[in-house]
Amino acid sequence: LKQKALSASSSTDELLQKIGGTEALGKGFISYASNKFNSSQLTAIAASANEYGEGGFTLIKGPPGTGKTTTLVAVLNSLHIRQYNKYYAEVRRIA
């Protein structure tokens, strides 16, 4: 298994770039994520979104009330937005 070099000590901008950055996710999601999530949550989102499609997985664990569900929703949102933007760009290229 290969280990990703993501840690909670990475800067918010670095973590958001690993998720896909403004190009893939748009300014709205990047602004929302940078204001809503702490560095540990952004690390989990980045690790999950970064390995999507490579057969890896990311385990998100923690005590009750620490934002696991909110973090999971952000992972799903980031994957959805990124895939939708890829699809939309391809449709525009064809049309």
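Residues numbered from 1 in each chain as written. Predicted model: local features only at pLDDT ≥ 70, side-chain atom pairs only at ≥ 80, totals over all residues. Heavy atoms only, no water.

Participant: Could you give me a rundown of helix H4 (residues 68–94), with the residues and numbers involved?
Facilitator: Here H4 contains 27 residues, and its C-alpha end-to-end distance of 39 Å stays within 8% of the 39 Å for a straight helix at 1.5 Å per residue. Among all positions of H4, only Thr71, Ala74, Val75, Ser78, Leu79 and Arg82 are buried. Check the buried side of H4 and you find it contacts helix H1 (12–19), helix H2 (21–36) and helix H3 (39–50). (Helix = DSSP H or I, 4+ residues; strand = E, 2+ residues; numbered from the N terminus. Expected span 1.5 Å × (residues − 1). Buried < 20%, exposed > 50% of the residue type's maximum accessible area, 1.4 Å probe, protein only. Contact = heavy atoms within 4.5 Å.)

Participant: Could you give an account of the packing of aromatic side chains, with specific residues and numbers?
Facilitator: Remark: the centre distance and the inter-plane angle together describe each pair of aromatic rings, the angle taken between the planes. Per the counting criterion, the structure on display carries 3 aromatic pairs. Centroid distance Phe29 to Tyr32: 6.3 Å. Interplanar angle 50°. Geometry classified as tilted. Placement of both Phe29 and Tyr32 in helix H2 is noted, with a separation of 3 residues, approximately one turn of the helix. For Phe29, a relative accessible area of 8% translates into the label buried. Note on Tyr84 and Tyr88: the rings are 6.1 Å apart at their centroids and 15° apart in plane angle, and the pair reads as stacked. In this pair, Tyr84 and Tyr88 both sit in helix H4, 4 residues apart, roughly one turn of the helix. With a relative accessible area of 44%, Tyr84 lands in the partly exposed category. Here the aromatic cluster, defined as three or more aromatic residues joined through ring pairs, consists of Phe29, Tyr32 and Phe37. (Phe/Tyr/Trp six-rings, centres within 6.5 Å; stacked < 30°, edge-to-face > 60°.)

Participant: Got a sec to walk through the nonpolar core? Specific residues and values, please.
Facilitator: Soluble globular proteins tend to pack their nonpolar side chains together in the buried interior. Counting 16 residues, the largest nonpolar core has Leu16, Ile19, Leu25, Ala33, Phe37, Leu42 and Ile45 as its most contacted members. Elements with a contribution of two residues or more to this core: H1, H2, H3 and H4. For this core, the leading source of residues is H2, giving 5 residues. Those residues in contact with Leu25 that sit more than four places away from it in its chain are Ile19, Gly20, Ile30, Ser78, Ile81, Arg82 and Asn85. (Core = buried A, V, L, I, M, F, W, Y, C linked by side-chain atoms within 4.5 Å.)

Participant: Which residues make up H3, and what are the values?
Facilitator: Relative to the 16 Å expected for 12 residues at 1.5 Å per residue, H3 spans 16 Å between its end C-alpha atoms, a close match to the ideal helical length. Most of H3 sits inside the fold, with 9 of its 12 residues counted as buried. For H3, the full list of buried residues reads Gln41, Leu42, Thr43, Ala44, Ile45, Ala46, Ala47, Ser48 and Ala49. The backbone nitrogen of Ser40 lies 3.1 Å from a side-chain oxygen of the residue at the head of H3, namely Asn38. (Polar contact = N/O pair within 3.5 Å; in protein donor to acceptor, adjacent residues only side chain to side chain.)

Participant: Residues and numbers for the packing of H3 against H4, please.
Facilitator: Each pair of packed helices gets described by two things: the angle between the helix axes and the distance between those axes. At a minimum axis separation of 9 Å, H3 and H4 run at an interaxial angle of 40°. Compared by their axis directions, H3 and H4 come out oblique. Here the hand of the crossing between H3 and H4 comes out right-handed. Touching Gln41, Ala44, Ile45, Ser48 and Ala49 of H3 are Thr71, Ala74, Val75, Ser78, Leu79 and Arg82, all from H4. Residues that form the contact of H3 with H4 fall into these classes: 6 nonpolar, 4 polar and 1 charged. (Axes fitted to C-alpha atoms, helices over the stretch in contact; angles between N-to-C directions. Parallel < 35°, antiparallel > 145°, perpendicular 65-115°, else oblique. Left-handed = near helix turned anticlockwise from the far one by under 90°. Nonpolar A, V, L, I, M, F, W, Y, C, P; charged D, E, K, R; others polar.)

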